[in-house]
Structures are given as structure tokens and as C-alpha cells.
Amino acid sequence: MPKGNIINRDAFLANIREKIGGISTDKPVEKPKWTTEPQRNVLDGYDRDQLITVLREQCNEIHTDFYQTTLQDLSQTITKVMKEYESESIVYSDDSRFEHANIEDYLTGFDAFKWDRTDRERSIKIAEKADVGITFSDITLAESGTVVLLNDKGQGRSVSLLPTNYIAIIPKSTIVKRMTQATDYIHAQVEKGEDIASCINFITGPSNSADIEMNLVVGVHGPIHAAYIVVDDL
């Protein structure tokens, strides 16, 4: 499809700005300052160990298997999950944390494929056939049991979406209270003029739906099983 031309864009946008309150390019929208922010009181005072307890309990609600281990025993824990999911093939993101955690060599003992930054199409096809996709969580929301993935060329969203099962490795340091802290972090990046991820995924356990007569069905349009592995000293 040929690239089209944009005509009268400035006049069109100026008309919209006028209709919604006189906003102009030299008068940027300012974030309001609320007198109360109840969202910041949720889990107030909880330390990280208490947040792990909240996360563990929430995993029961979202049909997610929860594990807690040390960096030394991380590979053994992954092996345990692989056996429970009867899985052999792995696709994992091109993330330096796999090497820093000393598990990249361990993964090669399986039928493992690292996401290829230079060949997205091939990576997607392999992810479609993989038994397990493995990523590190960038931010982890204890309240909802959500892992946040700041995707880039080395971590395509297909790693967590297309395989039959999904494993999220959660460094203890990434665990925060709730969505509020995640959006604070992303907003701070924008304020500093830093580049942010082109795609930010919020994953809360395996895929599920209750569209049909409110009967919950797990694993309908994505991974059938999901496991969170919290690593204490990573």
C-alpha cells in the first residue's frame, strides 16, 4: 500500500484543541495534583518478604504455580517445572540476565532456542512449537500477581504468548505493591526523556476466559500453564 499524504493536519488538531478547552502546543497538558491518592495506601508498609507472601497467595487465585528458590538452585527449579509440565523444548528471550544467573549453559541441555534479534519471523515460528517460553520479569505486581515485560528486539512478546506453557523468572528486587508503582516507574522514564519499551506486556497467569456462561476456562488463547519462580538473591 503506498504511503498517503497528511493534509491540513495542523488546522484539524488546532480545532480539536479549541473544542476541548483551549489546549495548544505551547500550553502542554499538566498532570493534576490530587488531594488524596488512596491507591498509594494499598499494601502500605509491606516489606518485600511480605509482598512475596501476597504474590504467592494471589497465584492461587490466578491458577499459577508459584516457586521460590535461590540463584544456586534456580536450574533445579526450572527442571522441576519442566518435568511437571512434561516439556522438552524451550524458547527464551535474548536477555543478559540468563547469563548473569548462570543458567544459559544449563538451558542448552534442553531443546532450547534463544530469541533471534535479527530474524523475528523464524523466532516466532519456533515459539509457536515450543513447549515452554521463559522470560525474566522486569516489574512484578504483588497485588494482582502480574509480571510486567518491557519488550524489545531481544524479547519478543511471542516468547510469553505462543508456547504451550510459560515460566516467569522473578528477581526478588522486581516485586512492587501494585500497578501504581509500575506506572510510576514508566512515567519517570518518560519524564527523564529515556527510551521506553515499544511494547509493555502485563501478564497475569495463564490465559483464561469466562465469556461462556461465566464458566472459567484456563488456557484458551495462550499458555495453558504458567509458573512464577521468585529468586531470592538475583
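Since we're looking at a predicted model, the values are computed, not measured. (Residues numbered from 1 in each chain as written. Predicted model: local features only at pLDDT ≥ 70, side-chain atom pairs only at ≥ 80, totals over all residues. Heavy atoms only, no water.)

1. Side note on the nonpolar core
Argument step 1. Judged by nonpolar contacts, the single largest core of 20 residues is most densely connected at L74, I78, F98, I134, I167, I169 and I229.
Argument step 2. Where this core is concerned, the elements lending two or more residues are α3 (74-84), β2 (89-92), β4 (132-136), β7 (165-171) and β12 (225-231).
Argument step 3. Not counting the four nearest positions on each side in its chain, F98 is found in contact with Y92, S93, I103, E104, L107, I134, T135, F136 and I169.
Argument step 4. The next biggest cluster of nonpolar side chains, apart from the first, holds 19 residues, and it includes F66, A142, A226 and V230. (Core = buried A, V, L, I, M, F, W, Y, C linked by side-chain atoms within 4.5 Å. Buried < 20%, exposed > 50% of the residue type's maximum accessible area, 1.4 Å probe, protein only. Helix = DSSP H or I, 4+ residues; strand = E, 2+ residues; numbered from the N terminus. Contact = heavy atoms within 4.5 Å.)

2. Looking at the pairing of β4
Argument step 1. With respect to burial, β4 is a largely interior element, five of its five residues being buried.
Argument step 2. The alternating pattern of β4 places V132, I134 and F136 on one face and G133 and T135 on the opposite face, and all of these are buried.
Argument step 3. In terms of strand pairing, β2 meets β4 through three bridges, oriented parallel. Bridge assignment links Y92 to a residue of β4, and that residue is I134.
Argument step 4. Alignment of β4 against β7, held across five bridges, turns out to be parallel. Each bridged residue has a counterpart across the sheet, and for V132 the counterpart in β7 is N165. (Pairing = 2+ DSSP bridges.)

3. Things to note about the sheet that holds β7
Argument step 1. Taken in spatial order, the six strands make up an open sheet running β1-β12-β7-β4-β2-β3, and their pairing is parallel. What marks the edges here is a single partner per strand, and that holds for β1 (65-69) and β3 (111-114). On average, each strand axis in the sheet is inclined to that of its neighbour by 20 degrees, with strand direction left out of account. (Axes fitted to C-alpha atoms, helices over the stretch in contact; angles between N-to-C directions.)

4. Let's talk about the pattern of salt bridges
Argument step 1. What the rule picks out here adds up to ten salt bridges.
Argument step 2. Put simply, D49 and K172 hold a salt bridge, and the shortest N to O gap is 2.8 Å. Within this pair, whereas D49 is found in helix α2 (residues 48-61), its partner K172 is found in the loop between β7 and β8 (175-176), the two being separated by 123 residues in sequence.
Argument step 3. A salt bridge links D94 to R117; the nearest nitrogen and oxygen atoms lie 2.8 Å apart. Remark: R117 occurs in the loop between β3 and α6 (120-129) and D94 occurs in the loop between β2 and α4 (96-100); sequence separation between them is 23 residues.
Argument step 4. Owing to a relative accessible area of 43%, R117 belongs among the partly exposed residues under this scheme.
Argument step 5. Several salt bridges converge on common partners, so that one network encompasses D94, E104, K114 and R117. (Salt bridge = Lys/Arg side-chain N within 4 Å of Asp/Glu carboxyl O.)

5. With respect to a nonpolar patch on the surface
Argument step 1. On the surface, F12, L13, I16 and I20 cluster together into a nonpolar patch covering about 380 Å² of accessible area.
Argument step 2. The topology assignment puts I16 in helix α1 (residues 9-19). (Patch = residues over 30% accessible without salt bridge, like charges linked within 9 Å, V, L, I, M, F, W, Y side chains within 5 Å. Areas by Shrake-Rupley, 256 points an atom, 1.4 Å probe, with all protein chains shown as cover.)

6. Regarding the sheet that holds strand β5 (residues 139-141)
Argument step 1. Read across the sheet, four strands follow the order β8-β5-β6-β9 without closing on themselves; strand pairing throughout is mixed. What marks the edges here is a single partner per strand, and that holds for β8 and β9 (199-203).
Argument step 2. The pairing of β5 with β8 spans two bridges and is classified as parallel. Residue pairing for β8: L141 is matched across the bridge by V176.
Argument step 3. Contacts from helix α8 (residues 179-191) reach β5, β6 (146-151), β8 and β9 within the one sheet, and its direction differs from that of β5 by about 155 degrees.

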